[in-house]
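So you can see what is in the structure, the chains are spelled out below.
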Amino acid sequence: MPTKTRTYDPAKVRTALAGQTEALRGAVRGLTGDQLDLPTRLGDWRVRELVSHLGMVVSWVPAHLDDPLPDAAAITPLDWARSTRTAAATINDIAEELAAGPFAGTRDEVAAEFDRRCDELLAVLAGPAAAEPGRRIAMRFGPMPLADFLVTRLVETVVHADDLADALGLDAFPHDRQAVAAATRLLADAFADQAPGGAVELRIPPYAVVQAVVGPRHTRGTPPNVVETDPLTWIRLATGRRAWPDAVEAAEVQASGERSDIGGLLPVLG
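A brief report on the enclosed structure follows. (Residues numbered from 1 in each chain as written. Predicted model: local features only at pLDDT ≥ 70, side-chain atom pairs only at ≥ 80, totals over all residues. Heavy atoms only, no water.)

If you check helix α5 (residues 107-126), its first and last C-alpha atoms are 28 Å apart, about what 20 residues at 1.5 Å a residue would give, namely 28 Å. All of the buried residues in α5 are V110, A111, E113, F114, D115, R117, C118, L121, L122, V124 and L125. Those residues of α5 that are buried are in contact with α1 (10-29), α2 (47-64), α4 (88-100) and α6 (146-168). (Helix = DSSP H or I, 4+ residues; strand = E, 2+ residues; numbered from the N terminus. Expected span 1.5 Å × (residues − 1). Buried < 20%, exposed > 50% of the residue type's maximum accessible area, 1.4 Å probe, protein only. Contact = heavy atoms within 4.5 Å.)

The following block contains the structure:
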């Protein structure tokens, strides 16, 4: 695991999530009816299922903020990252149910439903509960400090905004910069957590540097095994959206050293 658990400024996280939510709201409002039926890179999901899932993501906090907490130890964002792949089937079922229910209507009705959910989240982020020290929230893997859970919402909204941009054929999505920073850092830490060691230095400027992978630990001078890439490429690699060989061939990743092929250790988020 990382030698030190990373902390995030709760106020900056709330501001970043509000900004990313507004960017998503704008994208959903701009969809046409035909675009809702476009395929995505997420299996059988169309844009409609993707928007439905994002609707669940942004509405989770307001919907569950006051739920009873299970009698269990609090989990961390790294615990969440290790556990996500176990919930894939459930997440798929929920997205399909939402796409056939609240998000089944016209593009105006879909946008209105998404707006409503965004408004509920933004109200919580601006309210006293979100800033309450020690506040926890129940989620499917166990109770989590609310401030940490909001970091996982940044990962979800950045990753799926990128999925939406890909489905729509956009060159880029107008991500909140701090949202991308937090998503990059959490996924880098998750890689170091799941592939512990010190043989490889993973660099994702300007946001993260971690040591990982079993082998001789680097202590000084130029590391013998280095992987460097940009934040969005890392996010795609870490979540299985981009294949390691393709990223290397396209020069989206620079990898040097005999232990620098980390493709077999990806993705870190299921």
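Turning to the side chain of Q20, a few remarks are in order. Turning to its location among the elements, Q20 is positioned in helix α1. Classification of Q20 as buried rests on a relative accessible area of 0%. In contact with Q20, other than residues within four places in its own chain, are T157, V158, A161, F173, H175, D176 and A179.

Turning next to α1. Taking 1.5 Å as the rise per residue, α1 with 20 residues should run 28 Å; its terminal C-alpha atoms sit 28 Å apart, in good agreement. All of the buried residues along α1 are V13, R14, A16, L17, Q20, T21, A23, L24, R25, A27 and V28. Looking at the buried positions of α1, the neighbouring elements they touch are α2, α5, α6 and α7 (177-194).

Quick look at the pattern of salt bridges now. Tallied over the entire structure, the rule returns 23 salt bridges. Between E120 and R116 there is a salt bridge; the shortest N-O distance is 2.9 Å. Here E120 pairs with R116, and both are found in helix α5, just four residues apart, close to one helical turn. The partly exposed category is assigned to R116, whose relative accessible area is 38%. Taken together, the shared-partner salt bridges in this structure form one network comprising R41, D162, D163, D166, R236 and R241. (Salt bridge = Lys/Arg side-chain N within 4 Å of Asp/Glu carboxyl O.)

Strand direction decides the pairing type here: strand β1 (residues 136-139) and strand β2 (residues 142-145), joined by four bridges, are antiparallel. Bridging from a neighbouring strand, A138 pairs with P143 of β2. In this structure, the hairpin formed by β1 and β2 is closed by a connection of two residues. (Pairing = 2+ DSSP bridges.)

Our next topic: the packing of α1 against α6. In contact at an axis separation of 10 Å, α1 and α6 are set at 30° when each is read in the N-to-C sense. Judged by the inter-axis angle, α1 sits roughly parallel to α6. In this structure, α1 meets α6 at a crossing whose hand is left-handed. Seen from α1, the contacting residues are P10, V13, R14, A16, L17, Q20, L24 and A27; seen from α6, they are A147, L150, V151, R153, L154, T157, V158, A161 and L164. A class-by-class count of the residues in the contact of α1 with α6 yields 13 nonpolar, two polar and two charged. (Axes fitted to C-alpha atoms, helices over the stretch in contact; angles between N-to-C directions. Parallel < 35°, antiparallel > 145°, perpendicular 65-115°, else oblique. Left-handed = near helix turned anticlockwise from the far one by under 90°. Nonpolar A, V, L, I, M, F, W, Y, C, P; charged D, E, K, R; others polar.)

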